[in-house]
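Fold and contact review
Residues per chain are reported as follows:
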Amino acid sequence: MIMHAADDQAQTRWTTEAWYQAAWAHEVKAEPLARTFLNHDVVLFRDADGVAHALEDRCCHRATPLRLGAVTDLGLQCGYHGVTFDGAGKCVLIPGQEAIPGQAGVRSYPVIEKQEIIWIWMGAPDHAEGSKLLVDFPWNDDHAHWPHLHDMFEVGCSYQLLIDNLMDLTHIPFIHRLTIGGGNQMGQVDARMEVTPTDTGVHYIRWMENIAPPPTYIKGAGFAADAMVDRWQEFEFVVPSTVLQWTGALEVGRGAVENRHQPGGFSLRLFHGVTPKTDTSCYYFWTPLNGYKPDDDDATKQLFDEIGFTFQEDVAFLEAQQSVMSAQPEGPLVAIKHDKARLQAEHALRRFITERSGSR
Ligand SMILES: [Fe+2]
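Residues numbered from 1 in each chain as written. Predicted model: local features only at pLDDT ≥ 70, side-chain atom pairs only at ≥ 80, totals over all residues. Heavy atoms only, no water.

What follows is about the packing of aromatic side chains. As enumerated under the stated definition, the model contains 17 aromatic pairs in all. Arranged with centres 5.4 Å apart and planes meeting at 75 degrees, the rings of Trp 232 and Trp 246 form a pair that is edge-to-face. Remark: Trp 246 occurs in strand β17 (residues 242-251) and Trp 232 occurs in strand β16 (residues 229-238); sequence separation between them is 14 residues. For Trp 232, a relative accessible area of 1% translates into the label buried. (Phe/Tyr/Trp six-rings, centres within 6.5 Å; stacked < 30°, edge-to-face > 60°. Helix = DSSP H or I, 4+ residues; strand = E, 2+ residues; numbered from the N terminus. Buried < 20%, exposed > 50% of the residue type's maximum accessible area, 1.4 Å probe, protein only.)

Here's what the structure looks like:
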């Protein structure tokens, strides 16, 4: 199937009628945090009660960016003339003036705080109410069994290209030779794979049985250098732009295929939150959860550093890919066998955008 880069991107651009990750909860404090979502400039902050809010990053008085302001007991105060807005965007103070004009207000975006994540709704606010969060990741709240650190990369590629990367893991033995892709290259490419469409996206699991563990797994779980393992990679794409991961390995002979919930071995859960910034840039929120040595803080930090290094390797390829697609929007693209999950995810995203565009 021949597709052209421009078709690929334009058709599945995005929908505002959805929840997107705006931040990790700990990033939003009693000070303005500026971000751009779906080409809209937004400022996040916590009010005096610690509740998170999101407002358009523009004061209605002189169009000054509110990110230059400060949080007070009343809300977010513009840094220019002190005009202040509460979390709903209502103007609650104009220094030196009693009467507040009815039209004095700024747009506010609905937010949900759940499982260490701040979700934002960029569509019509009254549609947010009835639209439930499609993502559930309870392990984020279970630091005892799944300790983890959080990070976010700003990446110079469209959010779809990042999702694509997570839907085709045959890139791992090529891009990530030094970390999660070392060892038997073709054994990783030829993994047994099951792809299953879901109501909210696509799920797949890849099995590599009787294979040498990669460097990250040897370092983390302490597998013997000559150990052979049964390794799995389970991923779920949830529209519009979240990927949930559970990957790991157990020594051959421990029946991993029948039961992965066994002590020892390597077990990593990963949350990938991808949010469009512009047509050719996105926020990549990620956190790797240490399920193999939960009482070992050094292991949690080591895993975080390894995964951070691994994702930097992806970023280099993704940004290079984006620059070629931007330079040659009409360039042909040829799908191959390993694009199965990617194409399913793209199909699910298109369906979702079409459904949601109907709800405007
Ligand atoms: Fe990767």
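Here the narrative resumes.
Moving on to the layout of surface pockets. Empty space within the second largest pocket amounts to approximately 160 Å³. Residue composition of the lining of the second largest pocket, by class: four nonpolar, one polar and four charged. (1 Å grid on protein atoms, 1.4 Å probe; cavity = no way out; pocket = protein on both sides within 12 Å on 5 of 7 lines; lining within 4 Å. Points joined across faces, edges and corners; volume = space filled by probe spheres on them. Nonpolar A, V, L, I, M, F, W, Y, C, P; charged D, E, K, R; others polar.)

Using the criterion set out here, one finds 16 salt bridges in the structure. Across the salt bridge formed by Asp 136 and Lys 114, the nearest N and O atoms sit 3.6 Å from each other. Remark: Lys 114 occurs in strand β11 (residues 111-114) and Asp 136 occurs in the loop between α2 (125-128) and β13 (151-155); sequence separation between them is 22 residues. For Asp 136, a relative accessible area of 44% gives the class partly exposed. (Salt bridge = Lys/Arg side-chain N within 4 Å of Asp/Glu carboxyl O.)

With that out of the way, let us pick up the coordination of the iron ion. Taken together, His 171 (NE2), His 176 (NE2), Asp 314 (OD) and Asp 314 (OD) make up the full set of protein donors to the iron ion, lying 2.1 to 2.5 Å away. Coordination at the iron ion comes from four donor atoms whose angles at the metal span 56 to 149 degrees, giving a geometry best classed as irregular. In terms of primary sequence, the donors binding the iron ion are separated according to H-x4-H-x137-D. Taken together, the positions of His 176 in the loop between α4 (172-175) and α5 (185-189) and Asp 314 in helix α7 (residues 297-327) put the pair 138 residues apart, joining distant regions of the chain. Grouping residues by exposure puts His 176 and Asp 314 together as buried. (Donors = N, O, S within 2.8 Å, 3.2 Å for Na, K, Ca; no water. Tetrahedral: all angles 85-135°; square planar, octahedral: opposite > 155°, others 65-115°.)

This brings us to the pairing of strand β18 (residues 266-278). Taking burial as the measure, the 13 residues of β18 include eleven buried ones, the bulk of the element. The pairing of β17 with β18 spans eight bridges and is classified as antiparallel. Across the sheet, the residue bridging to Ala 249 is Phe 266, located in β18. Pairing analysis gives ten bridges linking β18 to strand β19 (residues 281-290), with the strands arranged antiparallel. Of the residues in β19, the one forming a bridge with Leu 268 is Asn 290. Where β18 folds back onto β19 in an antiparallel hairpin, the turn is made up of two residues. (Pairing = 2+ DSSP bridges.)

Okay, the packing of helix α3 (residues 159-167) against α7 next. Interhelical geometry of α3 versus α7 gives an angle of 130 degrees and a closest axis separation of 10 Å. Relative to α7, the element α3 lies oblique. The hand of the α3/α7 crossing is right-handed. Mapping the contact onto sequence places Leu 161, Leu 162 and Asn 165 in α3 and Asp 314, Leu 318, Gln 321, Gln 322 and Met 325 in α7. (Axes fitted to C-alpha atoms, helices over the stretch in contact; angles between N-to-C directions. Parallel < 35°, antiparallel > 145°, perpendicular 65-115°, else oblique. Left-handed = near helix turned anticlockwise from the far one by under 90°. Contact = heavy atoms within 4.5 Å.)

So, on to the sheet that holds β11. The three strands are arranged β2-β12-β11 in an open sheet whose pairing can be described as antiparallel. Looking at the sheet topology across the chains shown, the edges are occupied by β2 (19-24) and β11. Going from strand to strand, the sheet's axes swing by 30 degrees on average, the running direction of each strand aside. With four bridges connecting them, β11 and strand β12 (residues 117-121) associate as antiparallel partners. Along β12, the bridge assignment pairs Glu 113 with Ile 118.

In this section: the sheet that holds strand β10 (residues 108-109). Read across the open sheet, the four strands follow the order β3-β4-β5-β10; overall the sheet is antiparallel. Both edges of this open sheet fall to β3 (33-37) and β10, since each of them pairs with a single strand only. Bridge count for strand β5 (residues 52-56) against β10 is two bridges, and the pairing is antiparallel. Along β10, the bridge assignment pairs Leu 55 with Ser 108.

The probe, sized like a water molecule, is rolled over the atoms to show the empty space still left. Using the criterion set out here, one finds five cavities of 30 Å³ or more in the structure. In this structure, the largest cavity spans a volume of roughly 170 Å³. Lining the largest cavity are 21 residues; nearest its centre among them are Ile 172, Ile 180, Phe 235, Gln 245 and Phe 311. Secondary-structure elements contributing two or more residues to the lining of the largest cavity are α3, β16, β17, β18 and α7. The dominant element in the lining of the largest cavity, judged by the number of residues it contributes, is α7, at four residues. Looking at the lining of the largest cavity residue by residue, the classes come out as eleven nonpolar, eight polar and two charged.

Each domain of the chain was delimited in the assignment, giving domain 1 (20-121) and domain 2 (138-358). One C-alpha centre belongs to domain 1, the other to domain 2, and the line joining them spans 34 Å. For the domain 1 and domain 2 pair, buried surface summed over both sides reaches about 1,600 Å², with 57% attributable to carbon and sulfur atoms. Together, Tyr 20, Trp 24 and Glu 116 form the three largest contributors to the area buried by domain 1 at its contact with domain 2, with a combined 37%. If you look at where domain 1 meets domain 2, you find zero salt bridges. Looking at the side of domain 1 that touches domain 2, the elements that each hand over two or more residues are β2, β3 and β12. In terms of residue count, the dominant contributor to the side of domain 1 that touches domain 2 is β2 (five residues). In terms of residue class, the side of domain 1 that touches domain 2 is built from nine nonpolar, five polar and three charged. (Domains from an automatic or database assignment. Buried area = accessible area lost by both parts, 1.4 Å probe.)

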